[in-house]
Amino acid sequence: MPINIPYLNEQTPQTVLKMINLEASQLSLPDSRELMLGAFGAYGVLQAIAQAFNHSLLGSLIYGILSAGFLYGATYGLLRVLKEDAKFQRTALALAIMGAIAALAYTILHLVFGIALPPPLPTEKLLRFLLFPILIWMAFMYAFLFRHVSLRPVPAFVTAALIVLVVEVILPPICK
């Protein structure tokens, strides 16, 4: 018996792959509150797992919740100011999916290099070096998504960079 998940048809994964390559916008995604909340749940869990290597269990859980809440709130506030409320669910869904993919990539890098390089080697410094391109990709991806909700290029990139800066640089030390 095939499993049928509403709003997760063949087009959604294809759109996500195209979004990774900056070929499609979030406007091709389904407008579903359930899918958006599921994406934010996955985002929070993957962010917590990514931080679990350096934080306590409670700290990483708090980080996952705070980062998901901040991304949701920042997106809601921005689209409210731009009077683009109709695009909120699709934009928030796309941001959560892309953030979850970035957190998954960081977790995989941490596992691969954590196993390959034993503790006396500077594994954490290497991972921070490898995380930088992921952060840059996230900023460009978020800026690309914000461009599709009527932001000009420079404000879109500044907004995206601020969100990435808060989530990836400011929140982790607070949640230790």
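Each remark here, short or long, concerns the structure printed above.
Below is a short write-up of the structure. What you are looking at is a predicted structure, and each value in this text was computed from that prediction instead of being measured. (Residues numbered from 1 in each chain as written. Predicted model: local features only at pLDDT ≥ 70, side-chain atom pairs only at ≥ 80, totals over all residues. Heavy atoms only, no water.)

1. Things to note about helix α2 (residues 33–51)
So, point 1. Look at α2: 27 Å from first C-alpha to last across 19 residues, which is about the 27 Å you get at 1.5 Å a residue.
So, point 2. All buried positions along α2 are accounted for by Leu35, Met36, Ala39, Phe40, Tyr43, Gly44, Leu46, Gln47, Ala48, Ala50 and Gln51. (Helix = DSSP H or I, 4+ residues; strand = E, 2+ residues; numbered from the N terminus. Expected span 1.5 Å × (residues − 1). Buried < 20%, exposed > 50% of the residue type's maximum accessible area, 1.4 Å probe, protein only.)

2. Some thoughts on helix α1 (residues 11–20)
So, point 1. If you check which residues of α1 are buried, you get Thr12, Thr15, Val16 and Met19. Around the axis of α1, the buried residues are gathered within 100° of arc, so they sit on the same side.
So, point 2. Looking one or two residues beyond α1, the residue adopting positive phi is Leu22, at roughly 60°. (Arc of directions from axis to C-beta.)

3. Digging into the packing of aromatic side chains
So, point 1. Scanning all chains against the criterion turns up four aromatic pairs.
So, point 2. Consider the rings of Tyr72 and Phe88, whose centres lie 5.2 Å apart with planes at 85°: the pair is edge-to-face. Here Tyr72, found in helix α3 (residues 57–81), pairs with Phe88, found in helix α4 (residues 88–116); they are 16 residues apart in sequence, far enough to count as distant.
So, point 3. The class of Phe88 is buried, set by a relative accessible area of 9%. (Phe/Tyr/Trp six-rings, centres within 6.5 Å; stacked < 30°, edge-to-face > 60°.)

4. What about the side chain of Glu84?
So, point 1. Its place among the elements puts Glu84 in the loop between α3 and α4.
So, point 2. For Glu84, a relative accessible area of 19% corresponds to the buried category.
So, point 3. Those residues in contact with Glu84 that lie beyond four places of it in its chain are Leu79, Val149 and Ser150. (Contact = heavy atoms within 4.5 Å.)

5. So, unusual backbone geometry
Working note: non-glycine residues mostly have negative phi, and peptide bonds are mostly trans.
So, point 1. Backbone geometry places Lys83, a non-glycine residue, at a positive phi of 55°.
So, point 2. Mapped onto the secondary structure, Lys83 falls in the loop between α3 and α4.
So, point 3. With a relative accessible area of 73%, Lys83 lands in the exposed category.

6. Comments concerning the nonpolar core
So, point 1. Phe40, Tyr43, Leu71, Leu93, Met98, Tyr142 and Phe146 are the most contacted members of the largest nonpolar core, which has 47 residues in total.
So, point 2. Those elements that provide at least two residues to this core are α1, α2, α3, α4, α5 (123–147) and α6 (153–174).
So, point 3. Per element, the largest residue contribution to this core is 12 residues, and it comes from α4.
So, point 4. Discounting residues that sit within four places of it in the chain, Phe40 has contacts with Ala68, Leu71, Tyr72, Ala92 and Ala96. (Core = buried A, V, L, I, M, F, W, Y, C linked by side-chain atoms within 4.5 Å.)

7. So, a nonpolar patch on the surface
So, point 1. A grouping of Val154, Val158, Leu162, Leu165, Val169, Ile170 and Ile174 is seen on the molecular surface, where their side chains present a nonpolar patch of about 630 Å² in accessible area.
So, point 2. Exposure remark for Val158: the relative accessible area of 42% places this residue in the partly exposed category. (Patch = residues over 30% accessible without salt bridge, like charges linked within 9 Å, V, L, I, M, F, W, Y side chains within 5 Å. Areas by Shrake-Rupley, 256 points an atom, 1.4 Å probe, with all protein chains shown as cover. Salt bridge = Lys/Arg side-chain N within 4 Å of Asp/Glu carboxyl O.)

8. Examining the pattern of salt bridges
So, point 1. The final tally for this structure, using the stated rule, is two salt bridges.
So, point 2. A salt bridge links Asp85 to Arg80; its shortest N-O distance comes to 3.9 Å.
So, point 3. Accessibility expressed as a relative area gives 42% for Asp85, which makes it partly exposed.
So, point 4. Given the relative accessible area of 48%, Arg80 is considered partly exposed.
So, point 5. Between Lys87 and Glu84 there is a salt bridge, with the nearest N and O atoms lying 3.5 Å from each other.
So, point 6. Exposure remark for Lys87: the relative accessible area of 23% places this residue in the partly exposed category.

Everything listed here is a matter of geometry and, on its own, says nothing about what the molecule does.
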